[in-house]
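Chain and residue survey
Each chain, written out:
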Amino acid sequence: MSNSFTQNPFENEDLFPAIRRPAWLNHAAIGPWPKPVIEAMRGYVQHNALNGPVEYQRWLDIEQQLRTQLSQLLNAESPDDIALVKNTSDGLNLIANGLTWQPGDVVVCCAKDFPSNVLPWTSLSRLGVEVRQVDLHDPQGLPLPDPEQALIDVIDERVRLVAVSAVRYDSGMRLDIDRIGHACRHHGSVFVVDAIQQLGALPIDVKQSPIDFLVAGSHKWLMAPEGLAVFWSSAGARAGLRPAQVGWRMWHDPFNFERTSWQAPDTARRFEPGTLNMAGIHGLQAAVQLLLEISVERSSRQLLDNCAYLQQALRRMDGIQLVTPAERQRHAGIASFRHSKIPSSRLFSVFTEAGMQCAQRGQWLRLSPNFYTPKKQLDQAIEVVASAIHQ
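Note that this is a predicted model, so its numbers are computed, not measured.

Notes on the overall build of the protein
Looking only at helices and strands, one finds 12 helices and 11 strands in the protein. In terms of overall dimensions, the protein is globule-like: its C-alpha atoms have a radius of gyration of 21 Å, near the 21 Å expected for 391 residues. For the protein, the residues scored as buried account for 57% of the 391 residues in total. A fraction of 70% describes how many contacts in the protein between residues 6 or more apart in sequence connect residues 24 or more apart. A total of about 16200 Å² of accessible surface is found on the protein, and carbon and sulfur atoms cover 50% of it. If the 37 positive side-chain charges of the protein are averaged to one point and the 40 negative ones to another, these points end up 4 Å apart.

Following this line, the structure appears as structure tokens:
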């Protein structure tokens, strides 16, 4: 990759061609692909179309590079802690269906969280599991002043598992996952983190954080295709999770079809029963390599600056109420707000008419730039809101 790309990745339309169009402020939904991902995917498709899988071993090497790079991104102990699954829902269901539950066990999750991180847990009620859903927002939809304590207050010795989103998809509130994780350790509860709104946007260190399982799809802040997700597990937590499915590809030598032992391996590959999304693997490998070369510490500073810039401008406007916390440690790449008189559906329409992409989440309008979003596009978004207010 060109050094000029990684030396100056911000507002670089050659590296991020999506910024040639009107502002894409919807990275919290799906992120456009950067140039290395486009090239990796195009190369894979073209070569396969002309030659078939004659370079399958090279594809497997790229797969292993991806595991290694993901372990670096997460500061994991080993690539053996990384599994590649279909999506975030798939990974969370692996946990829900792989643990052994007893009637009276308790799961704690967050009320009104994204359904992927609620439905796997509420489905356990059929087994006699009690599900405690904790609302981290007040009746007006604003984040509680101490959301971590609201969760910690309901964790007791009966709680087998606590599941949270590192960053809320709606309000954009970022949780102190270390604080929650330490409370889980104290009570012997498994701690599960849905990191789809943080991984790639801000650093995550699984070696330092008391997390047992982390799942994150690749199509948001990782800037890669849909249909692939990172599934990280600590060795201790992994040992207590029964593979919900078994298949030929779980071993490090999957082409040994005459093996005599079919016992599931100790590594995270035990959660990969069959053929993987090799096209997606090529794209995600290129995306993670780019993030590592730029450094997430560097890109995250710019992302937080971009969100702070939006928040400060919005806060100065009459009638605007921000739901995303202003404190730098309390948000990631999302700035959500509403107007006291203008419905969010109308504001969403105004953005759409201007050719800009954002999202409406409940009563809030959600803007989610990335680190490479040009400042002029942030200014254009601010102008769109200001114009709607003064119409």
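Some words on helix 4 (residues 88–98)
Counted residue by residue, helix 4 has 8 buried out of 11 residues, so it is predominantly covered. Restricting attention to buried positions, one finds in helix 4 the residues Thr88, Asp90, Gly91, Leu92, Leu94, Ile95, Ala96 and Gly98. The inward-facing, buried residues of helix 4 contact strand 1 (82–85), helix 5 (119–122), strand 4 (159–165), strand 5 (190–194), strand 6 (213–217) and strand 7 (229–233). Capping the start of helix 4, asparagine 87 holds a side-chain oxygen 3.3 Å from the backbone nitrogen of serine 89, two or three residues further along.

Here's the deal with the side chain of serine 234
In this fold, serine 234 is placed in the loop between strand 7 and helix 8 (235–239). Relative accessible area serves as the criterion here: at 17%, serine 234 is assigned to the buried category. Not counting residues up to four positions away in its chain, the partners in contact with serine 234 are Ile211 and Asp212.

Focus on the nonpolar core
Counting residues in hydrophobic clusters, the biggest one holds 71 residues, and the most contacted among them are Leu74, Leu151, Val162, Val164, Phe191 and Leu199. With 9 residues, the top contributor of residues to this core is helix 9 (residues 278–294). With residues near it in sequence (within four places) discarded, leucine 74 still touches Ile82, Leu199, Ile204, Asp205, Val206, Lys207, Leu214, Val230 and Trp232.

Describing the pairing of strand 6
The buried fraction of strand 6 is high, at 5 of 5 residues. Side chains Phe213, Val215 and Gly217 project from strand 6 onto one buried face, and the interleaved Leu214 and Ala216 project onto a second face that is buried too. Both strand 6 and strand 7 contribute to a ladder of 5 bridges, which runs antiparallel. By the bridge assignment for strand 7, alanine 216 is matched with valine 230.

A short note on helix 11 (residues 344–353)
Along helix 11, the positions that sit buried rather than exposed are Ser344, Leu347, Val350 and Phe351. On an axial view of helix 11, the arc spanned by its buried residues comes to 115°, and they lie on one face. Directly after helix 11, the chain includes glycine 355, whose backbone phi takes a positive value near 80°.

A few points about the sheet that holds strand 9 (residues 335–339)
Adjacent strands of a sheet form backbone hydrogen bonds with each other and so pair up, either parallel or antiparallel. Spatial strand order, 8-9-11-10: 4 strands in an open sheet with antiparallel pairing. Edge positions in the open sheet fall to strand 8 (320–322) and strand 10 (359–361), since each of these has one partner strand only. With direction set aside, neighbouring strand axes in the sheet form an average angle of 35°. Where helix 10 (residues 296–315) meets the sheet, it contacts strand 8, strand 9 and strand 11 (364–367), and its direction lies at approximately 145° from that of strand 8.

Focus: the pattern of salt bridges
Scanning all chains against the criterion turns up 23 salt bridges. Put simply, lysine 112 and aspartate 135 hold a salt bridge, and the shortest N to O gap is 3.2 Å. Of this pair, lysine 112 sits in the loop between strand 2 (106–110) and helix 5 while aspartate 135 sits in the loop between strand 3 (130–134) and helix 6 (147–152), placing them 23 residues apart in sequence. A cluster of three or more residues bridged by salt bridges with shared partners is formed by Glu63, Arg67, Arg249, Arg269 and Glu272.

Re the packing of helix 11 against helix 12 (residues 375–389)
Packing of helix 11 against helix 12 leaves a shortest axis separation of 10 Å and a crossing angle of 130°. One element, helix 11, and the other, helix 12, form an angle in the oblique class. Remark: the crossing between helix 11 and helix 12 carries right-handed chirality. Contacts between helix 11 and helix 12 pair Leu347, Val350 and Phe351 from the former with Ala381, Val384, Val385 and Ala388 from the latter. Residues belonging to the contact of helix 11 with helix 12 are distributed by class as follows: 7 nonpolar, no polar and no charged.

Topic: the environment of valine 190
Positionally, valine 190 belongs in strand 5. Measuring from C-alpha to C-alpha, the distance between valine 190 and alanine 163 comes to 8.4 Å, with 27 residues separating the pair along the chain. If we ignore the near neighbours within four places in the chain, the residues touching valine 190 are Arg160, Leu161, Val162, Asp212 and Phe213.

Brief notes about the packing of aromatic side chains
Using the criterion set out here, one finds 14 aromatic pairs in the structure. Seen in terms of ring centroids, phenylalanine 16 and tyrosine 372 are 3.9 Å apart; in terms of plane orientation they differ by 5°. Their pairing is stacked. Taken as a pair, phenylalanine 16 in the loop between helix 1 (3–7) and helix 2 (35–51) and tyrosine 372 in the loop between strand 11 and helix 12 lie far apart in primary sequence, 356 residues in all. Plain terms: the ring middles of phenylalanine 371 and tyrosine 372 are 5.5 Å apart, the flat faces sit at 90° to each other, and that makes the pair edge-to-face. For phenylalanine 371, a relative accessible area of 2% corresponds to the buried category. Taking relative accessible area as the criterion, tyrosine 372 reaches 2% and is therefore assigned buried. Clustering of aromatic rings is evident, with ring pairs tying together Tyr44, Tyr56, Trp59, Trp248, Phe255 and Phe257. Its guanidinium or amino end placed over the ring of tryptophan 101, arginine 160 lies 5.0 Å from that ring's centre, counting from NZ or CZ. One residue, arginine 259, lies across the ring of tryptophan 262, its end atom 5.5 Å from the ring centre.

Reading the values: rules and limits
- Residues numbered from 1 in each chain as written.
- Predicted model: local features only at pLDDT ≥ 70, side-chain atom pairs only at ≥ 80, totals over all residues.
- Heavy atoms only, no water.
- Helix = DSSP H or I, 4+ residues; strand = E, 2+ residues; numbered from the N terminus.
- Rg over C-alpha atoms; globule rule 2.2 N^0.38 Å.
- Buried < 20%, exposed > 50% of the residue type's maximum accessible area, 1.4 Å probe, protein only.
- Contact = heavy atoms within 4.5 Å.
- Areas by Shrake-Rupley, 256 points an atom, 1.4 Å probe, with all protein chains shown as cover.
- Lys, Arg positive; Asp, Glu negative; His and termini not counted.
- Charge placed at Lys NZ, Arg CZ, Asp CG, Glu CD.
- Polar contact = N/O pair within 3.5 Å; in protein donor to acceptor, adjacent residues only side chain to side chain.
- Core = buried A, V, L, I, M, F, W, Y, C linked by side-chain atoms within 4.5 Å.
- Pairing = 2+ DSSP bridges.
- Arc of directions from axis to C-beta.
- Axes fitted to C-alpha atoms, helices over the stretch in contact; angles between N-to-C directions.
- Salt bridge = Lys/Arg side-chain N within 4 Å of Asp/Glu carboxyl O.
- Parallel < 35°, antiparallel > 145°, perpendicular 65-115°, else oblique.
- Left-handed = near helix turned anticlockwise from the far one by under 90°.
- Nonpolar A, V, L, I, M, F, W, Y, C, P; charged D, E, K, R; others polar.
- Phe/Tyr/Trp six-rings, centres within 6.5 Å; stacked < 30°, edge-to-face > 60°.
- Lys NZ or Arg CZ within 6 Å of the ring centre and 35° of its normal.

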